[in-house]
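# Residue-level structural notes
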Amino acid sequence: MAYEEDTSKQQSEQEKPVVRRDKVVVTKVTEQELTQIKSTANQCGMTRSDFIRARALGYKPRLRLSDAELDGLRQLAACRTDMVNFANALHGLSDNEKVKLFRHQPTMLDWYEKVAYVTNRVTDFLQSAQTANSYPAGTTNEEAKEDGA
């Protein structure tokens, strides 16, 4: 019963139009080109088909992050978490409590605005860095298809 409820919930959330890719494009490549396509697609975390389609449609897939870059990203995320927690704690204080805490309200408010700006920028960076390689689903609309395809 719980499984049926889960599936109906998933189906209602997934009311996206189904795009069927039933056309095939064939091209010949050298062994070296095939090796490079396989390698680059793998480095981007994509299948060869998705990689070639993305490149043909003008998208530039990004390589996966290295272990060192992932570690740096985790550290940055931890810093952002600390900043958000501190900002939220300050936000929850009354104006009088903030003045008592920092003794100079204009300085504290200026600092708070800067922290909020940095926190938002870090959030934007983290989201863009963690987004998987993809391209918009609407890239195969009927109007844009070539005649005879």
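Across its full length, the protein carries six helices and zero strands. Along its sequence from the N terminus, the protein presents helices and strands in the succession α-α-α-α-α-α. For the protein, contacts bridging at least 24 residues in sequence account for 51% of all contacts bridging at least 6. Summed over all atoms, the accessible surface of the protein reaches about 12,500 Å², with 52% contributed by carbon and sulfur.

This part is about the confidence of the model for the protein. Summarising the model, the protein shows a mean pLDDT of 76, and 77% of its residues fall at 70 or more. The least confident element of the protein, judged by mean pLDDT, is helix α1 (residues 2-13) at 55; the most confident is helix α2 (residues 31-43) at 93.

Moving on: the packing of helix α4 (residues 67-91) against helix α5 (residues 95-102). Close contact between α4 and α5 brings their axes to 9 Å; oriented N to C, the two are set at 120°. When the axis of α4 is compared with that of α5, the two are oblique. Touching F86, L90 and H91 of α4 are K98, L101 and F102, all from α5. For the contact of α4 with α5, the residue count by class is four nonpolar, one polar and one charged.

The nonpolar side chains of soluble globular proteins are, as a tendency, buried together. In this structure, I37, A41, C44, M46, F51 and A54 together form the largest nonpolar core, which totals six residues. Contributions of two or more residues to this core are made by α2 and α3 (48-56). What F51 contacts, discounting residues up to four positions off in sequence, is I37, T40, A41, C44, M46 and P61.

Turning to a nonpolar patch on the surface, a few remarks are in order. Where nonpolar side chains cluster on the molecular surface, the patch consists of F86, L101, F102 and W111 and spans about 370 Å² of accessible area. Positionally, L101 belongs in helix α5.

This part is about α4. With 25 residues, α4 should cover 36 Å at 1.5 Å per step; its first-to-last C-alpha distance of 36 Å lies within 8% of that length. All buried positions along α4 are accounted for by L73, A87 and L90.

Bringing the environment of F51 into the picture now. Topologically, F51 is positioned in helix α3. Note on F51: relative accessible area 12%, which makes it buried. In the structure, F51 is positioned 11 residues away from T40 in sequence and 8.3 Å away in space, judged by C-alpha atoms.

The subject of this paragraph is the packing of α2 against α3. Contact geometry of α2 with α3 gives a least axis separation of 9 Å together with a crossing angle of 95°. Comparing the axis directions of α2 and α3 gives the class roughly perpendicular. For the pair formed by α2 and α3, the contact residues are L34, I37, K38, T40 and A41 on the first element and R48, F51 and I52 on the second. Counted by class, the contact of α2 with α3 contains five nonpolar, one polar and two charged residues.

What counts and how
Residues numbered from 1 in each chain as written. Predicted model: local features only at pLDDT ≥ 70, side-chain atom pairs only at ≥ 80, totals over all residues. Heavy atoms only, no water. Helix = DSSP H or I, 4+ residues; strand = E, 2+ residues; numbered from the N terminus. Contact = heavy atoms within 4.5 Å. Areas by Shrake-Rupley, 256 points an atom, 1.4 Å probe, with all protein chains shown as cover. pLDDT = per-residue confidence, 0-100. Axes fitted to C-alpha atoms, helices over the stretch in contact; angles between N-to-C directions. Parallel < 35°, antiparallel > 145°, perpendicular 65-115°, else oblique. Nonpolar A, V, L, I, M, F, W, Y, C, P; charged D, E, K, R; others polar. Core = buried A, V, L, I, M, F, W, Y, C linked by side-chain atoms within 4.5 Å. Buried < 20%, exposed > 50% of the residue type's maximum accessible area, 1.4 Å probe, protein only. Patch = residues over 30% accessible without salt bridge, like charges linked within 9 Å, V, L, I, M, F, W, Y side chains within 5 Å. Salt bridge = Lys/Arg side-chain N within 4 Å of Asp/Glu carboxyl O. Expected span 1.5 Å × (residues − 1).

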